[in-house]
Amino acid sequence: MTDLTPICALGAEAPQQARFGALHLAENPGLGLASLALRRGQSAAEPALPDLVLPGPGGWAGTAGLAAFWTGPDMWMIEGPGQAEADFAAQVKAWAPGASVTEQTDAWAVIEIASSAGAAPLEALLARLVNIDLAGFGPGRAMRTGLEHLSVFVIRRAEDRVAVLAMRSAAETVWHALTTVARRQERGGP
Amino acid sequence: MTRLAGGLIDRSRVLNFTFNGRSYAGHPGDTLASALLANGVRLMGRSFKYHRPRGVVAAGSEEPNALVTLRDGARAEPNTRATGVELFEGLTARSQNHVGPLGFDMLAVNDLLSPFFAAGFYYKTFMWPRAFWEKLYEPAIRRAAGLGALSMQADPDAYEKGFLHCDLLVIGAGPAGLAAALTAARAGARVILADEDFRLGGRLLAESHLLNEAPARQWVAGLEAEFASLPNLRVMRRTTVWGAFDHGVYGAVERVSDHLPTPGEAPRQTLWRITAKRAVLAAGATERHIPFAMNDRPGIMLAGALRAYANRWAACPAKRVAIFTNNDDGHRTALDLAAKGVEIAGVIDPRPDAKPLGPYPVYAGSVVTDTRGRLGLSAIAVTREGQTQWLDAGALGVSGGWNPNVHLASHQRGRPVWDDAQQAFLPGAGIPGQIVAGAAAGKGSTHAALHSGAEAARAALQDLGLTAHLPDLPRAEDGAAPPHPIWHVPGKKRAWVDFQNDVTVKDIKLAHQENLRPVEHLKRWTTLGMATDQGKTANVTAIAVMAELTGQSIAQTGTTIYRPPYTPVSLAVLGGGDTGAHFRPRRLTPSHSWAKAQGAVFVEVGPWLRAQYFPRPGETHWRQAVDREVLATRAGVGLCDVTTLGKVDVQGADAGIFLDRLYANAMASLKVGMVRYGLMLREDGHAYDDGTCARLAEDHYIVTTTTAQAGPVYRHMEFARQCLWPELDVQLISTTDAWAQVSVAGPHARKLLERVVDGFDLSNAAFPFMGCAALTVCGGLRARLFRISFSGELAYELAVPARYGAALMARLVEVGKDLGATPYGTEALGVLRIEKGHAAGNELNGQTTAQMLGMGRMVSAKKDAIGTVMTRREGLMAETRVLVGLQPVDAAQPVTAGAHLFTEGAAQGTATDQGWISSACYSPHLGSMIGLGFLADGAARMGEVILAANPLQRQEVRLRVTSPHFIDPEGGRLRD
């Protein structure tokens, strides 16, 4: 175990979090991430991820311990909650030895957004941030889209929960965008 | 006071406001224009060119005249249409475009000089002398002619953007739009109903018609209640849909807080991008006027506007009013005003058989031929068969028929089509997915508008596979006879067509006389329709006048089309609120927080913020810090965060073949555990980007790119993978942000690294120059080590997961104290690489080739790669300019990047240009400035003295040509 002290994407040792009315935003530094891309001719059924069937285009699927979302043809991001400090990519590679696996944990700042008042405040927030048709963006959907001039992934984990993955170096910009809209929503109402 | 009874204003509350410093009172529900009229104010501004006194003409967003500067201080907003401003307590407004008081404008002298200001005057007059235009004529003209002025202060308000999606977007909430929204929303479709007004109802609010024998507002109120109960319908008031773009995308601005004194926490406006599967355009129609002599006096308005002010806002500009109309609709104004107790001086109707519809005098077969009243209308001249009589009137309502608002059907070049029966331009081939309904489609009676709106929604939903039923619509009036075709009243005096740009019938005649007859020429020569109102009240009339002059039909004359925005949109809202530090995304390096704590000075490098240098106490000039960092690196060991360089993970059985085709030099032959410098070319054979390529396994490479080109190169690689060679087994993903990468450079680099690696053999034999390996550091942290050098020193780049970047920097500095471990920034990085003669962005500027960079032999002849064949073009082969080093003969002289190189004694011009200086810096190692540059026949001119010149500023410096490698040209240090 290294004696170096890691910091979160927003620059502090502890993850940032903030509450705005019904919305709670929190940095999730514990999420292990690894990309998984099939080799040419390889079947999507081949990677033996425990209790996980790789989802189709626009999909996110998983359990509390392991999840995946589609990022492109024959390509997924595998999520390992709580696996950020482990060599998660090596673990995924062990499950899918024939595929191309790349460590992505620190490539992304992960911000989890939860609503205590159902989908409405969450969807009002998203409408001011990303060009996603929310009618087709229920639980189990994931999209790559633009947010604040950046390319991000947005995952609908549940009716009342969304995750935004943005390039780690731009964490501050994305946090500012999210909290600005959330704060306005709290004070002004959507 | 000219306030009438009734209206949709809340008389229980009083709102105080000022106009030109005078205090007035109005009520909630008023606009600034209606409140001013109700207070007896007719004069609201001065015209653009002639500084003529002007008053409000319209009641909606088409208003050409009543432009005011709203609010004070930093919030002052020029050119705001008084007709669209909702009154609020404490509102302040000022009129524009006058010197001295509004009632006595010094620049009104322009009106006396009007014969000189005809169309084309500027084009013809201010031609000579040429230099006078920019310095004298233009500033003077701009001061005299124009609109309001900006506050020149930063906008204190917030703006935001958002995205909406729907099955049906209904644009306009008049009878057609309301019926469309009702039909679609009841069918369960996702509907957005947007209207620029703050109240739903559109023209229904301005009329006295009954719907089902009750006032229309009752029907609207019932609908509003139903709308509120429908979760699938979003009603957006104060929202102007201003543009129709590709793929069903509409731009809309919601004026969230414009009706409040200050926005508070809320944004001032929101820019919505609405993606609609279908749209119903129910934008209504704009009344046209009939130009006659001196038709621009305050008090002369559109008849429909006069009626709207009376019915909706209980305001009338005068106690005695006349109407000039060529159609029945004008008579309605007379009826409604008379019903409200306004004295009707007469209805002047050019139709010989015109009959009164109520108790008011009609002047049939007559026209208005002149007016009186300096700052407001006092009398009109009515002429019938050559006999003229004057009628006293404080206001005149003019109606020449109605022009459908086809603008949003035109935004993709759909040209409106003239309809003789309706005497109007109707929407032509419009926009895919958009149906035009109601008055915008020429169905202007209330009955027709309601039914066409409902039918449009039903048809749109049917297209989407949804079944909608037509609702029970209220009984409504259905009278709409086309106007009598009279387009202007001929006369000797000026008759305005375009009020906002001061274009008269005479100007159109002049354009005709000078053969600028096609509508596009007419528009540009006279500036007709080119004001902020896009000629909403002027264009069609002007076309008709031109048609009359040319003897062609209006259909043959044709029309110009419209571009977004439908009404002016503020740049602030288009920016979507991105201002100041948040104007664009900012990327921070993994060691940013650490560098900040060290007092680093940062510099923007594209989106990145990088440490530029790390000043120490006592250092008063940036050069002191940079020189120290450079010397410390060359003497001991320097540390630099180089995370910003792009990193692309390349895997797959064909990764080697793929990279061989991308890079000019060979990569498939690279041994596992080794790194190679690589050069990518563009298709045209010029150098594109450089970097390193490390092979971690047979089927696994890591490519690095320059910081600036990280995005484009990754895109280029994806394009090659997906489109050029989809048959190859290659997988790509960016890992730029995943790893913090630190350059450890200097003679003590190995010694320092030995203190952090976990038992990894760093000896030259085990880990030679250009080696790479996966390893662990600092007690088990996974890491990657590359023995590469940008500085020319013994150097490594160490990568760890980004979250450890700051801690790693701190650790290296701490454990390397005795070795002189010194963090350095981008300035020192630049000096180190210029001293070493390494190319960077300045050299890879898109104009240089491998040969020019001294890397011609890297372009492998044994294989093909992107750009290889094109490097053999004659033009590129004949290029003799190559990268050289440059040192001033007099060490005190500067070397300036961007300067051009000339032979001493030769003329200085493009024909004799010998090259240019691409990079320059002060080299503490050499004790002078040095530079890199491209020089013709450079390789053969070592030792020659040339001139670096800046002929524009008459600067010349003598430079000696040297090798670009000022430091360790043999490369011994790298391999130490």
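Residues numbered from 1 in each chain as written. Chains lettered and ligands numbered in written order. Predicted model: local features only at pLDDT ≥ 70, side-chain atom pairs only at ≥ 80, totals over all residues. Heavy atoms only, no water.

Engineer: Explanation requested: the overall build of chain B in the structure shown.
Structural biologist: Along the backbone of chain B there are 22 helices and 50 strands. Considering only C-alpha atoms, chain B reaches an extent of 110 × 70 × 55 Å along its principal axes. Sequence-distant contacts, at least 24 apart, represent 66% of the contacts inside chain B between residues at least 6 apart. For chain B, the accessible surface area stands at approximately 37,900 Å², while carbon and sulfur atoms represent 55% of it. Side-chain charges in chain B split into 100 positive and 93 negative, and the spacing between the mean points of these groups amounts to 3 Å. (Helix = DSSP H or I, 4+ residues; strand = E, 2+ residues; numbered from the N terminus. Contact = heavy atoms within 4.5 Å. Areas by Shrake-Rupley, 256 points an atom, 1.4 Å probe, with all protein chains shown as cover. Lys, Arg positive; Asp, Glu negative; His and termini not counted. Charge placed at Lys NZ, Arg CZ, Asp CG, Glu CD.)

Engineer: Mind showing me how you'd approach the sheet that holds strand 49 (residues 945-950) of chain B here?
Structural biologist: Backbone hydrogen bonds are what pair the strands of a sheet, in a parallel or an antiparallel way. Residues and elements named next belong to chain B. Pairing in this closed barrel of six strands is antiparallel, and the strands run 45-48-47-46-49-50 around the ring. Taken over all neighbouring pairs, the strand axes of this sheet differ in orientation by 45° on average, direction set aside. Two elements, strand 46 (residues 900-903) and strand 47 (residues 915-923), share two bridges in a ladder whose sense is antiparallel. Bridge pairing in strand 47 links His900 to Trp916. In the packing of helix 21 (residues 826-836) onto the sheet, the strands contacted are strand 47 and strand 48 (928-936), and the crossing angle to strand 47 comes to about 120°. (Pairing = 2+ DSSP bridges. Axes fitted to C-alpha atoms, helices over the stretch in contact; angles between N-to-C directions.)

Engineer: What am I meant to see in the packing of aromatic side chains here?
Structural biologist: Any two aromatic rings considered together are summarised by their centre-to-centre distance and by the angle between their planes. For the coordinates displayed, the defined rule picks out 14 aromatic pairs over all chains. A centroid spacing of 6.0 Å and a plane angle of 50° characterise the contact between B:Trp594 and B:Phe614, whose relative ring orientation is tilted. Highlighted residues: B:Trp594 in helix 15 (residues 592-597) and B:Phe614 in the loop between strand 33 (608-613) and helix 16 (622-635), separated in sequence by 20 residues. Residues B:Trp594 and B:Phe614 agree in their burial class; the two are buried. In this structure an aromatic cluster arises from ring pairing among A:Phe69, A:Trp108 and A:Phe153. Taking NZ or CZ as reference, B:Arg234 lies 5.1 Å from the ring centre of B:Trp272, over its face. In this arrangement the basic side chain of B:Arg623 is found over the ring face of B:Tyr922, its NZ or CZ atom lying 3.6 Å from the centre. (Phe/Tyr/Trp six-rings, centres within 6.5 Å; stacked < 30°, edge-to-face > 60°. Buried < 20%, exposed > 50% of the residue type's maximum accessible area, 1.4 Å probe, protein only. Lys NZ or Arg CZ within 6 Å of the ring centre and 35° of its normal.)

Engineer: Sorry if this is basic, but what is going on with the interface of chain B and chain A here?
Structural biologist: When the parts come together, some accessible area is lost, and that loss is often what is quoted as the size of the interface. Chain B puts 51 residues into the contact, and the matching count from chain A is 47 residues. For the pairing of chain B and chain A, the buried interface totals around 4,400 Å² over both sides, and the portion due to carbon and sulfur atoms is 47%. In terms of surface lost to chain A, no three residues of chain B exceed B:Phe163, B:Arg782 and B:Arg803, which account for 18% of the buried area on that side. The interface formed by chain B and chain A holds eleven salt bridges in total. Between B:Arg586 and A:Glu172 there is a salt bridge; the shortest N-O distance is 2.9 Å. At the level of secondary structure, the elements contributing two or more residues to the side of chain B that touches chain A comprise strand 8 (159-171), strand 15 (269-281), strand 31 (587-588), strand 35 (647-651), strand 39 (731-734), strand 42 (781-786) and helix 20 (805-815) of chain B. (Buried area = accessible area lost by both parts, 1.4 Å probe. Salt bridge = Lys/Arg side-chain N within 4 Å of Asp/Glu carboxyl O.)

Engineer: Before we go on, may I ask you to explain the pairing of strand 18 (residues 320-325) of chain B in this structure?
Structural biologist: Side-chain positions along a regular strand alternate between the two faces of the sheet. Residues and elements named next belong to chain B. By the criterion of burial, strand 18 is predominantly enclosed, with five of the six residues buried. In terms of strand pairing, strand 18 meets strand 19 (residues 343-349) through five bridges, oriented parallel. The partner of Phe324 across the bridge, within strand 19, is Ile348. Note on the crossover from strand 18 through helix 8 (residues 328-339) to strand 19: the handedness is right-handed. Note: strand 18 against strand 24 (residues 395-399), five bridges, orientation parallel. Its bridge partner lying in strand 24, Ile323 is registered against Gly397. (Right-handed = clockwise from strand over helix to strand, strands pointing away.)

Engineer: Would you mind going over the side chain of A:Arg157 with me for this structure?
Structural biologist: Residues and elements named next belong to chain A. Here Arg157 lies in strand 10 (residues 150-158). Overall, Arg157 belongs to the buried group, its relative accessible area being 11%. Polar contacts involving the side chain of Arg157 include one to the side chain of Glu79, which spans 2.9 Å. Those residues within four positions of Arg157 in sequence are excluded, and the remaining contacts are Leu31, Trp60, Glu79, Glu112, Pro139, Val162 and Ala163. (Polar contact = N/O pair within 3.5 Å; in protein donor to acceptor, adjacent residues only side chain to side chain.)

Engineer: Mind showing me how you'd approach helix 3 (residues 171-188) of chain A here?
Structural biologist: Within an α-helix, residues lying three or four positions from one another point in the same direction, as the helix has 3.6 residues per turn. The end-to-end C-alpha separation of helix 3 of chain A is 25 Å, in line with the 26 Å expected for 18 residues at 1.5 Å each. Listed in full, the buried residues belonging to helix 3 of chain A are A:Ala171, A:Thr173, A:Val174, A:Trp175, A:Ala177, A:Leu178, A:Thr179, A:Thr180, A:Val181, A:Ala182, A:Arg184 and A:Gln185. (Expected span 1.5 Å × (residues − 1).)

Engineer: Would you take a moment to explain the environment of B:Val57 for this structure?
Structural biologist: Inspection of the secondary structure assignment puts B:Val57 in the loop between strand 4 (53-54) and strand 5 (67-70). Apart from the residues lying within four places of it in its own chain, the contact partners of B:Val57 are B:Glu63, B:Pro64, B:Asn65, B:Ile300, B:Met301, B:Leu302, B:Ala305 and B:Phe499.

Engineer: I tried to follow the pattern of salt bridges on my own but got confused; where do I start?
Structural biologist: All names here are of chain B. One pass over the full model with this rule turns up 59 salt bridges over all chains. Residues Asp157 and Arg75 are paired through a salt bridge, measuring 2.6 Å at the closest nitrogen-oxygen approach. Here Asp157, found in the loop between helix 4 (132-144) and strand 8, pairs with Arg75, found in the loop between strand 5 and strand 6 (77-81); they are 82 residues apart in sequence, far enough to count as distant. Under the relative-accessibility criterion, Asp157 is labelled buried at 11%. Arg238 is the salt-bridge partner of Glu86, the closest N and O atoms lying 2.5 Å from each other.

Engineer: I would appreciate a short explanation of the sheet that holds strand 31 of chain B in the present structure.
Structural biologist: All names here are of chain B. Reading across the sheet, the three strands line up as 31-33-32 and stay open at both edges, with mixed pairing between neighbours. Each edge of the open sheet is held by one strand with a lone partner, namely strand 31 and strand 32 (601-605). Inspection of the sheet shows strand 31 paired to strand 33 by two bridges, in the parallel sense. Among the inter-strand pairings, Leu588 is bridged to a residue of strand 33, identified as Leu609. Strands in contact with helix 21 are strand 32 and strand 33; relative to strand 33, the strand with the most contacts, it is inclined by about 70°.

Engineer: Just to check I follow, could you spell out the pairing of strand 37 (residues 687-697) of chain B for this structure?
Structural biologist: Residue and element names in this part refer to chain B. For strand 37, the buried fraction is high: nine of the eleven residues fall into the buried class. Bridge count for strand 36 (residues 675-681) against strand 37 is seven bridges, and the pairing is antiparallel. Residue pairing for strand 37: Arg676 is matched across the bridge by Cys693. Counted along the chain from strand 36 to the antiparallel partner strand 37, the turn is five residues long, and its residue Gly685 has a positive phi close to 95°. In this sheet, strand 38 (residues 700-704) lies alongside strand 37 in antiparallel orientation, the contact comprising four bridges. In the sheet register, Ala694 faces strand 38, and the bridge partner there is Ile702. Two successive antiparallel strands, strand 37 and strand 38, enclose a turn made up of two residues.

Engineer: Explain the side chain of B:Thr526 to me, please; I cannot follow it from the model alone.
Structural biologist: Residue and element names in this part refer to chain B. Note on placement: Thr526 falls in helix 11 (residues 519-526). A polar atom in the side chain of Thr526 sits 2.7 Å from the backbone oxygen of Leu522. A polar atom in the side chain of Thr526 sits 3.1 Å from the backbone nitrogen of Leu528. The contact partners of Thr526, leaving out residues within four places of it in the chain, are Ala119, Val503, Asp507 and Ala511.

Engineer: Just to check I follow, could you spell out the nonpolar core for this structure?
Structural biologist: In summary, soluble globular proteins display a tendency toward joint burial of nonpolar side chains. All names here are of chain B. By size, the foremost hydrophobic cluster in this structure holds 57 residues, and its most contacted members are Phe19, Leu32, Leu91, Tyr309 and Val321. Top contributing element to this core by residue count: helix 7 (residues 303-313), with seven residues. Excluding residues that lie within four positions of it along the chain, Val321 makes contacts with Leu306, Cys316, Leu337, Val342, Glu343, Ile344, Ala345, Gly346, Ala393 and Ala395. In terms of nonpolar packing, the next biggest core, distinct from the first, is built from 39 residues, Ala740, Ala783, Ala806 and Leu808 among them. (Core = buried A, V, L, I, M, F, W, Y, C linked by side-chain atoms within 4.5 Å.)

Engineer: Where do I start with the environment of B:Ala911 in this structure?
Structural biologist: Its place among the elements puts B:Ala911 in the loop between strand 46 and strand 47. Separated by 613 residues in the primary sequence, B:Ala911 and B:Pro298 place their C-alpha atoms 65 Å from one another.

Engineer: Teacher, can you tell me more about unusual backbone geometry here?
Structural biologist: Most peptide bonds take the trans form, and the phi angle of most residues other than glycine is negative. Residues and elements named next belong to chain B. Across the junction of Pro564 and Pro565, the peptide omega takes the value 0°, indicating a cis bond. Tracing the sequence through the fold places Pro565 in the loop between helix 13 (554-557) and helix 14 (571-574). Here the phi dihedral of Asn20 falls at roughly 50°; this positive angle occurs in a residue that is not glycine. If you trace the backbone, Asn20 turns up in the loop between strand 1 (15-19) and strand 2 (22-26). On the basis of relative accessible area, Asn20 is assigned to the partly exposed category, the value being 33%.

Engineer: I'm lost on the packing of helix 2 (residues 119-127) of chain A against helix 3 of chain A in this one. Help?
Structural biologist: What describes two packed helices is the angle between their axes and the distance between those same axes. Residues and elements named next belong to chain A. Across the interface, helix 2 lies against helix 3 with an axial gap of 10 Å and an inter-helix angle of 130°. By the angle class used here, helix 2 and helix 3 are oblique. Helix 2 and helix 3 meet at a crossing whose hand is right-handed. Together, Pro121, Ala124 and Leu125 of helix 2 and Leu178, Val181, Ala182 and Gln185 of helix 3 make up the contact between the two elements. Looking at the contact of helix 2 with helix 3, its residues break down into six nonpolar, one polar and no charged. (Parallel < 35°, antiparallel > 145°, perpendicular 65-115°, else oblique. Left-handed = near helix turned anticlockwise from the far one by under 90°. Nonpolar A, V, L, I, M, F, W, Y, C, P; charged D, E, K, R; others polar.)

Read these as geometric descriptors, not functional statements.
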